[in-house]
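Analysis of the macromolecular model
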Amino acid sequence: MSFVVRFDWGDGGDIQSPELQATWGELRIEIAGQPVTAVQAASGGARTSVNVSAYPLAEWFVENWFAIFEFQHADDRPETPATNLRRAGEGMCWPDLLLAAEGDVVLCEWSSGRSTWRSPTFSWCRS
Amino acid sequence: MTDRKRGDPMRSPSAKHPGRRKLHSDPPKVSDLPKAPAYIGSPEHKRHLTSEWRQPQPRSDATPCPILARETIAEWLAEAFAKGWVSQLTEGGFPRYAWIQKDDAWFEARLTNQGLGHYKGYPVSINDLPSALRRQT
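Each chain has its residues counted from 1, following the order in which its sequence is written. Naming scheme: in the order in which they are written, chains are lettered from A and ligands are numbered from 1. Only residues with pLDDT of at least 70 are given local features in this predicted model, and only at 80 or more are side-chain atom pairs given and counted; all residues enter the totals for whole chains, interfaces and linings. The side-chain values count all of the structure's non-hydrogen atoms but skip hydrogen atoms and water molecules.

1. Details of the packing of aromatic side chains
- Here a Phe, Tyr or Trp ring, Trp counted by its six-membered ring, pairs with any other such ring whose centre lies within 6.5 Å, and the pair is stacked when the planes are under 30 degrees apart, edge-to-face when over 60, and tilted otherwise. Counting across every chain of the model gives seven aromatic pairs over all chains.
- For the ring pair A:Phe7 and A:Trp9, a centre distance of 4.9 Å and an interplane angle of 65 degrees mean the geometry is edge-to-face.
- Centre to centre, the rings of B:Tyr97 and B:Trp99 are 6.1 Å apart; their planes meet at 25 degrees, and the pair counts as stacked.
- Exposed residues in this analysis have more than 50% of their type's maximum accessible area, buried residues have under 20%, and partly exposed residues fall in between, with area computed by a 1.4 Å probe over protein chains only. Overall, B:Trp99 belongs to the buried group, its relative accessible area being 0%.
- Over the ring of B:Tyr97 we find B:Arg21; its NZ or CZ atom is 4.4 Å from the centre of that ring. Whether a charge lies above a ring is judged from NZ of Lys or CZ of Arg, which has to be within 6 Å of the ring centre and within 35 degrees of the ring normal.

2. Description of the nonpolar core
- The criterion is simple. A nonpolar core is a set of buried Ala, Val, Leu, Ile, Met, Phe, Trp, Tyr and Cys residues joined through side-chain atoms within 4.5 Å. Grouped together as the largest cluster of nonpolar side chains are 26 residues, with contacts concentrated most on A:Leu27, A:Leu85, A:Trp94 and A:Leu97.
- Every helix listed is a DSSP run of H or I at least four residues long, and every strand listed is a run of E at least two residues long, numbered separately from the N terminus. Of all the secondary-structure elements, those providing two or more residues to this core are strand E2 (24–31), strand E6 (50–53), helix H2 (54–68), strand E7 (96–102) and strand E8 (105–111) of chain A.
- With 24 residues, the next largest nonpolar core counts B:Trp76, B:Tyr119, B:Tyr122 and B:Leu133 among its residues.

3. Thoughts on the confidence of the model for chain B
All names here are of chain B.
- Confidence scores per residue from the predictor, reported as pLDDT, run from 0 to 100. With 75% of its residues at a pLDDT of 70 or more, chain B has an overall mean of 81.
- Confidence, read as mean pLDDT per element, is least for helix H2 (residues 131–134) in chain B (88) and greatest for strand E3 (residues 94–95) (97).
- Residue contacts are counted whenever heavy atoms from the two residues lie within 4.5 Å of one another. Scored below 50 in pLDDT, residues 1–7 shows eight contacts in the model against residues more than four places distant or in partner chains.
- Scored by ipTM, the complex comes to 0.82, with pTM at 0.83.

4. Considerations on H2(A)
Residue and element names in this part refer to chain A.
- A residue's bend is simply the angle between two axes: one fitted to the seven residues ending at it, one to the seven starting at it. At valine 62, H2 is deflected by roughly 35 degrees, the largest bend along its length.
- Taken as a whole, H2 has its buried residues at Ala54, Pro56, Leu57, Glu59, Trp60, Asn64 and Ile68.
- Buried positions along H2 lie against strand E1 (3–9), helix H1 (18–22), E2, E6, E7 and E8.
- Throughout this description, a polar contact denotes any pair of N or O atoms lying within 3.5 Å of each other; where both atoms belong to protein, one of them has to be capable of donating a hydrogen while the other can accept it, and for residues adjacent in sequence the pair is counted only when both atoms sit in side chains. The N-capping residue of H2, defined by a side-chain oxygen 3.2 Å from the backbone nitrogen of tyrosine 55, is serine 53.

The structure is reproduced here in structure tokens:
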């Protein structure tokens, strides 16, 4: 199964944090060919990428890299564990994508819905 | 199933990353900071025109700020520091994050200029809070 993270650098405009401004762009994550980052924007348009900063995404991977590969029983996981991409935070629009070790494989589970208040709605519902 | 904790090259290091959203164990007083923290905001969280940001970031998917007076948000930031609800992670002597609860909503302030102590803010879910703060709710 493929796990593809594609990031196209964009213009950070007037964003105040230099690290967020310098790493602004369009994020597209595909798992087995399915775009996990597909959203229905508030304007009504649909797209397969979200506009975020790569900086918190990189921090999230660094913080959670080992946790992703450490088995934790599903019953022991909090509602939104640290290995859920939503925890990348920074007030940005991240998909509800959980990465969790299940023996020798990593479970990828994602769902539709909103990341944050009034953010675009993630439109895939598949796990 | 494989036990990844024995002799596995993917074994996690003993020194864990402190985490971005850990509540400060000994929060600094505002008078101890290089400058007084100030709310400035940032256009990616704006869907409305403000005196500071005449051009909101139109392509941003970031969480929009509620429409509030800048003075109100500045008071919230000061309150967060007074309560000590700031992150252990600091940059330039300033906590990178601060948190405040208003009614049922939580907001996170994020350092945007570590030389001047400028912050922006946005609403967050309870899951985004440090665990020590979640336990208080």
